[in-house]
Amino acid sequence: MKKPYIICHMMTSVDGRIDCAMTEQLPGVEDYYRTLDELDVFTTVSGRVTAELEMAEGIFKEKEFEEYGKTGYSKKCDARGYEIILDTKGKLLWHQVENMDKPYLIVTSEKVTREYLAYLDQQNISWIACGKKK
């Protein structure tokens with residue numbers, strides 16, 4: 001089995017916050033995005049806040065609150081790489097993902113609702129539910 005090769009390319013403020021509105025004003029932000037493009041990575045990982053600002057289409061409004069309560073997954077496609085989003089509570093809305101070069105893979109906790117996972121399935125978005133608390 002090959003080990004993954006991980007590059008941690010990120011930008012944050014001195015106090016450790018990742019605030020897109022703030023960081024996009026920092027000197028060198030153009031270099032950050034140019035370098036990201038040049039890396040040409042297969043898979044990227046984003047947290048919920050970044051994904052909400054840059055990729056999502058809003059906030060999911062739950063009507064039912066039954067927790068999934070176990071580890072599980074739903075694989076919707078094979079791809080060379082993925083856009084992995086860490087959304088532990090299952091809060092973000094997504095557009096239809098047909099024919100994306102890097103399809104979404106949403107990582108949630110076991111506390112995610114069954115309703116949210118059904119929504120992801122309906123949108124044809126792969127997901128992994130893992131972790132008891134977060």
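Since the structure is predicted, the reported quantities are computational estimates derived from the model, not experimental observations. (Residues numbered from 1 in each chain as written. Predicted model: local features only at pLDDT ≥ 70, side-chain atom pairs only at ≥ 80, totals over all residues. Heavy atoms only, no water.)

Chemist: Looking at this structure, I do not really get the sheet that holds strand S2 (residues 72–74). What am I missing?
Modeler: Strand pairing in a sheet is mediated by backbone hydrogen bonds. Such pairs are either parallel or antiparallel. The five strands are arranged S1-S3-S4-S5-S2 in an open sheet whose pairing can be described as mixed. Every other strand in the sheet has two partners, leaving strand S1 (44–47) and S2 as the edge strands with one partner each. Strand after strand, the sheet turns through a mean of 15 degrees between neighbouring axes, direction not considered. With four bridges joining them, S1 and strand S3 (residues 83–86) adopt parallel strand pairing. Of the residues in S3, the one forming a bridge with Gly 47 is Leu 86. With respect to the sheet, helix H4 (residues 114–122) is in contact with S2, strand S4 (104–108) and strand S5 (126–129), its orientation differing from that of S5 by roughly 155 degrees. (Pairing = 2+ DSSP bridges. Helix = DSSP H or I, 4+ residues; strand = E, 2+ residues; numbered from the N terminus. Axes fitted to C-alpha atoms, helices over the stretch in contact; angles between N-to-C directions. Contact = heavy atoms within 4.5 Å.)

Chemist: Mind showing me how you'd approach the packing of aromatic side chains here?
Modeler: Given two aromatic rings, their pairing is described by the distance between the two centres and the angle made by the two planes. Following the criterion strictly, the structure yields six aromatic pairs and no others. What links up through ring pairs into an aromatic cluster is the set Phe 60, Tyr 116 and Tyr 119. (Phe/Tyr/Trp six-rings, centres within 6.5 Å; stacked < 30°, edge-to-face > 60°.)

Chemist: So what exactly am I meant to see when it comes to the pairing of S3 here?
Modeler: Both faces of the sheet carry side chains from a regular strand, because those side chains alternate between them. Relative to S4, S3 runs parallel, the two sharing four bridges. Bridging from a neighbouring strand, Glu 83 pairs with Tyr 104 of S4.

Chemist: Would you mind going over unusual backbone geometry with me for this structure?
Modeler: With the exception of glycine, the majority of residues adopt a negative phi angle, and the majority of peptide bonds are in the trans configuration. Despite not being glycine, Asp 40 shows a phi value in the positive range, around 45 degrees. By secondary structure assignment, the location of Asp 40 is in the loop between helix H2 (29–39) and S1.

Chemist: Is there a simple way to explain the side chain of Asp 87 in this structure?
Modeler: Its location among the elements puts Asp 87 in the loop between S3 and S4. In this structure, Asp 87 is buried with no salt-bridge partner, the nearest side chain bearing the opposite charge being Arg 48 at 4.7 Å. A distance of 3.1 Å separates the side chain of Asp 87 from the backbone nitrogen of Leu 92, its partner in a polar contact. Beyond its immediate chain neighbours, meaning those up to four positions away, Asp 87 contacts Arg 48, Leu 92, Ile 106, Val 107, Thr 108 and Tyr 116. (Buried < 20%, exposed > 50% of the residue type's maximum accessible area, 1.4 Å probe, protein only. Lys, Arg positive; Asp, Glu negative; His and termini not counted. Salt bridge = Lys/Arg side-chain N within 4 Å of Asp/Glu carboxyl O. Polar contact = N/O pair within 3.5 Å; in protein donor to acceptor, adjacent residues only side chain to side chain.)

Chemist: How do you make sense of H4 when you look at a structure like this?
Modeler: The α-helix winds at 3.6 residues per turn, so residues separated by three or four positions along the chain end up facing the same way. The set of residues buried in H4 consists of Glu 115, Tyr 116, Leu 117, Tyr 119 and Leu 120. Turning to H4, the residues buried within the fold contact S4 and S5. In the stretch just after H4, Asn 124 is the one whose phi turns positive, near 65 degrees.

Chemist: I'm lost on a nonpolar patch on the surface in this one. Help?
Modeler: Taken together, the side chains of Tyr 5, Ile 7 and Leu 39 present a nonpolar region at the surface, about 340 Å² in accessible area. You can see Tyr 5 is positioned in the segment before helix H1 (20–23). (Patch = residues over 30% accessible without salt bridge, like charges linked within 9 Å, V, L, I, M, F, W, Y side chains within 5 Å. Areas by Shrake-Rupley, 256 points an atom, 1.4 Å probe, with all protein chains shown as cover.)

Chemist: Would you mind showing me how to read the pairing of S5 here?
Modeler: Both S2 and S5 contribute to a ladder of three bridges, which runs antiparallel. Each bridged residue has a counterpart across the sheet, and for Tyr 73 the counterpart in S5 is Ile 128. In terms of strand pairing, S4 meets S5 through four bridges, oriented parallel. Looking at the pairing, Val 107 lines up with Ile 128 of S5. After leaving S4, the chain enters H4 and then returns to the sheet as S5, a path that is right-handed. (Right-handed = clockwise from strand over helix to strand, strands pointing away.)

The analysis is restricted to geometry; functional conclusions fall outside its scope.
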